[in-house]
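Notes for the structure review
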Amino acid sequence: MTETPSSEMVQDIDHCGIVAGIIDRIGLVEIADREIGTHNL
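Residues numbered from 1 in each chain as written. Predicted model: local features only at pLDDT ≥ 70, side-chain atom pairs only at ≥ 80, totals over all residues. Heavy atoms only, no water.

Once that is clear, we can look at the overall build of the chain. For the chain, the helix and strand inventory stands at 2 helices and 2 strands. When the helices and strands of the chain are listed from N to C terminus, the series reads β-β-α-α. The proportion of buried residues among the 41 residues of the chain is 2%. Summing over all exposed atoms, the chain offers an accessible surface of approximately 4,100 Å²; the carbon and sulfur share of this is 58%. (Helix = DSSP H or I, 4+ residues; strand = E, 2+ residues; numbered from the N terminus. Buried < 20%, exposed > 50% of the residue type's maximum accessible area, 1.4 Å probe, protein only. Areas by Shrake-Rupley, 256 points an atom, 1.4 Å probe, with all protein chains shown as cover.)

Below, the discussion takes up the confidence of the model for the chain. Looking at the chain as a whole, the pLDDT averages 82, with 83% of positions reaching at least 70. For the chain, the element scoring lowest by mean pLDDT is strand β1 (residues 2-3), at 54; helix α2 (residues 28-36) scores highest, at 92. (pLDDT = per-residue confidence, 0-100.)

Turning to helix α1 (residues 14-26), a few remarks are in order. For α1, which comprises 13 residues, the first-to-last C-alpha distance of 19 Å matches the rise-based estimate of 18 Å (1.5 Å per residue) to within 8%. Once α1 ends, the next one or two residues include G27, with phi positive near 75 degrees. (Expected span 1.5 Å × (residues − 1).)

Now for a nonpolar patch on the surface. Together, I13, I18, V19, I22, I23, I26, L28, V29 and I31 give the surface a local cluster of nonpolar side chains, amounting to about 750 Å² of exposed area. Of all elements in the fold, only α1 and α2 reach the threshold of two or more residues within the nonpolar patch. At 5 residues, the largest contribution of residues to the nonpolar patch is made by α1. Assignment of secondary structure puts I23 in helix α1. (Patch = residues over 30% accessible without salt bridge, like charges linked within 9 Å, V, L, I, M, F, W, Y side chains within 5 Å. Salt bridge = Lys/Arg side-chain N within 4 Å of Asp/Glu carboxyl O.)

Below you can see the structure in the form of structure tokens.
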């Protein structure tokens, strides 16, 4: 993270972070778990 002169924080999350945020927000993991189930490793 870098600090700009206006004291705002800027963070580069690249495209993977954006995709992960969308997946989390729409609940895609929970939907997939419900539809196809889960397994323990």
